[in-house]
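Understanding the architecture of this molecule
These are the residues of each chain, in order.
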Amino acid sequence: MTALALIDGNSFYCSCERVFDPKLEKRPVIVLSNNDGCAVARTAEAKALGIKMGQPMFQIRDLCRQNNVAVFSSNYALYGDMSRRMNSVYQGFSPDIEIYSIDESFLDITHLAIKDRTAWASDLRSTTRTWTGIPCCVGIGPTKTLAKLANKAAKKLPAGVLDLSDERTRAEVMATFPVGDVWGIGPASQEKLRHLGIEYAGQVRDMDPKLARQLMTVVGEKIVHELNGRPCIALETVALQRKGCAVTRSFGSRVTTKVEMEQAVAGYATRLGEKLRRHGLATDHVTVFMHTSRFNDDEPQRSVSMTVDIPEATNDSLTLIKAATRAVDQLWQSGFRYSKAGIITQDLVPPPIPQRALFDNLDHERAAKVMAAMDEANRRWGRATVVPAATLGGPAKSQTFSTKFEMRSPKFTTRWDELPECM
């Protein structure tokens, strides 16, 4: 029988912050989204105070101050590197790993010579905590859905481990497991099931697969089979090629001038080019959007977007900047206070090597060398060490639109000048 383990970091972003500041161990901790807008990670202590996922910071500022809550801006460089370190640990326990998200990974343990899977999972959990400092929970099951369910249930157990390989144990757990916590069942599907009197995972397991498909599409049918121990979702040990890419940001302060918007979008196009080159992909179009804040009812509202075609697929940042700023030129209208903008592309393809656009006058060899040099400089000395001049916006170099990270911790593991110091 197939056996999969799902391991994830508990309150991952907050746990990363605690690794480098032991004084935070019992203190409530939250991490905020871009622009320090709302809570996106909370420790158990913070949850106990009533802080909800996605709750705006302005609503909980007094609560945090009164209860000595440690508040951090998002530090994605740190979280990404800690995730990489955790997966390095996992590789010593199983050769077949699917990195599902920044804090979750599936491990295929079907063919491993494991006498006691619970003991194995406890060893995985304790080793990860010892080597990285991140507390984890481990769930084991014959399908991905059951492994996710086991992991969720394990969070309420002192050992932090649960094996649902045994059918009787599965039945006991699913009898009281809320349907809203089942992987793949969202609010809309949950409401449909509620009308049928279905509240627990065990009831979903016993559904007619055809009825589940009618209510929740083919996803619902797969959930029923997976809850019955029949694998329908394969382990993806090889990362799928990206089909789309986006760089979007909420501004730290409202953008009211065209120069600022051009500067911001040029920066997003530069970042888009970096992402495409890293994955060996290219695009022949970009969509640029901008909009005002829907929360400011007393201000005029505007939301616009435009797609610009590029003669041939490219990942050259300078070409992407030209296309993006062309869209800004067409979309811009003064008199509005823009709160967010971004650049999106779909249908990504490998860069065209032999065939070129008929009227293309770009020196591709030279452009590729420039991009490679820029990427290497930014990799060695930090992002944005070398950037296209368009991102500086001429005389407007203050970048008042930049995302706010006023409470961000140091990049402890990725920058020499921010390494932790012993006191």
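Residues numbered from 1 in each chain as written. Predicted model: local features only at pLDDT ≥ 70, side-chain atom pairs only at ≥ 80, totals over all residues. Heavy atoms only, no water.

1. Concerning the pattern of salt bridges
- This model, assessed by the stated rule, comprises 17 salt bridges.
- Residue D81 pairs with R84 through a salt bridge whose shortest N-O separation is 3.0 Å. Of the two residues, D81 and R84 are both situated in helix α4 (residues 76–90); the distance of 3 residues between them amounts to about one turn of the helix.
- A network of salt bridges, in which partner residues are shared, links D81, R84 and R85. (Salt bridge = Lys/Arg side-chain N within 4 Å of Asp/Glu carboxyl O. Helix = DSSP H or I, 4+ residues; strand = E, 2+ residues; numbered from the N terminus.)

2. Observations concerning the UniProt feature "domain: UmuC" (unreviewed entry) in the chain
- Here the UniProt feature "domain: UmuC" (unreviewed entry) sits at residues 4–186.
- The span residues 4–186 shows a helical share of 40% and a strand share of 20%, and its end C-alpha atoms are spaced 23 Å apart. (UniProt positions renumbered as here; feature names shortened; annotations may be inferred.)

3. Section: the environment of E221
- For E221, the position within the fold is in helix α10 (residues 209–227).
- Each C-alpha atom, one on E221 and one on D208, is 8.4 Å from the other, the two residues being 13 residues apart in sequence.
- Dropping the residues within four chain positions of it, E221 is found in contact with P209, A212 and R213. (Contact = heavy atoms within 4.5 Å.)

4. Section: helix α13 (residues 364–381)
- Taking 1.5 Å per residue, 18 residues should reach 26 Å; α13 reaches 26 Å between its end C-alpha atoms and fits that length.
- Within the span of α13, buried status applies to A367, M371, M374, A377 and N378. Buried positions in α13, seen along its axis, are confined to an arc of 130° and lie on one side of it. For α13, the exposed residues set more than 90 degrees away from the buried face come down to E365, K369, R379 and R380.
- Structurally, α13 contributes buried residues whose contacts are with α11 (258–278) and α12 (317–331).
- Of the residues flanking the end of α13, it is G382, one or two places downstream, whose phi is positive at about 110°. (Expected span 1.5 Å × (residues − 1). Buried < 20%, exposed > 50% of the residue type's maximum accessible area, 1.4 Å probe, protein only. Arc of directions from axis to C-beta.)

5. With respect to the side chain of S105
- One can find S105 in strand β6 (residues 104–108).
- Taking relative accessible area as the criterion, S105 reaches 1% and is therefore assigned buried.
- For S105, the side chain forms a polar contact with the side chain of N87, separated by 2.7 Å.
- In this structure S105 touches A5, L6, I7, N87, Y90, I97, E98, I99 and Y100, once residues within four positions along its chain are discounted. (Polar contact = N/O pair within 3.5 Å; in protein donor to acceptor, adjacent residues only side chain to side chain.)

6. A word on the packing of helix α1 (residues 12–19) against α4
- Between α1 and α4, the shortest axis-to-axis distance is 10 Å and the interhelical angle comes to 90°. By the angle between their directions, the pair α1 and α4 is classed as roughly perpendicular. Contacts from F12, Y13, C16, E17 and V19 in α1 reach Y76, L78, Y79, M82, S83 and M86 in α4.
- Residue composition of the contact of α1 with α4, by class: 9 nonpolar, 1 polar and 1 charged. (Axes fitted to C-alpha atoms, helices over the stretch in contact; angles between N-to-C directions. Parallel < 35°, antiparallel > 145°, perpendicular 65-115°, else oblique. Nonpolar A, V, L, I, M, F, W, Y, C, P; charged D, E, K, R; others polar.)

7. Looking at α10
- With 19 residues, α10 extends just 11 Å between its outermost C-alpha atoms, more than 12% less than the 27 Å of an ideal straight helix rising 1.5 Å per residue.
- If you check which residues of α10 are buried, you get A212, L215, M216, G220, E221, I223, V224, H225, E226 and L227.
- In this fold, the buried residues of α10 make contact with α6 (144–154), α7 (167–174), α8 (187–195) and α9 (201–205).
- With a side-chain oxygen lying 2.9 Å from the backbone nitrogen of K210, the N-terminal cap of α10 falls on D208.
- Where α10 terminates, the next one or two residues include G229, which has phi positive at roughly 85°.

8. Some points on the state of the cysteines
- One pass over the full model with this rule turns up 0 disulfides.
- C16 supplies the cysteine sulfur nearest to C14, a cysteine that is in no disulfide, at a spacing of 9.1 Å. (Disulfide = S-S within 2.5 Å.)

9. Quick notes on the pairing of strand β3 (residues 39–42)
- Alignment of strand β2 (residues 29–32) against β3, held across 3 bridges, turns out to be antiparallel. Across the sheet, the residue bridging to L32 is A39, located in β3. (Pairing = 2+ DSSP bridges.)

10. What about the sheet that holds strand β12 (residues 338–346)?
- Read across the sheet, 4 strands follow the order β9-β12-β10-β11 without closing on themselves; strand pairing throughout is antiparallel. The outermost strands of the open sheet, each flanked by one partner alone, are β9 (244–255) and β11 (303–314). Neighbour to neighbour, the strand axes of the sheet diverge by 15° on average, direction disregarded.
- Inspection of the sheet shows β9 paired to β12 by 8 bridges, in the antiparallel sense. Paired with V255 across the two strands is Y338, which belongs to β12.

11. Digging into the environment of A154
- Within the element layout of this structure, A154 appears in helix α6.
- On the basis of relative accessibility, which here comes to 0%, the residue A154 falls in the buried class.
- The sequence separation of A154 and L112 amounts to 42 residues, and the corresponding C-alpha distance is 22 Å.
- Setting aside anything within four residues of it in sequence, one finds A154 in contact with C137, V138, G160, V161 and L162.

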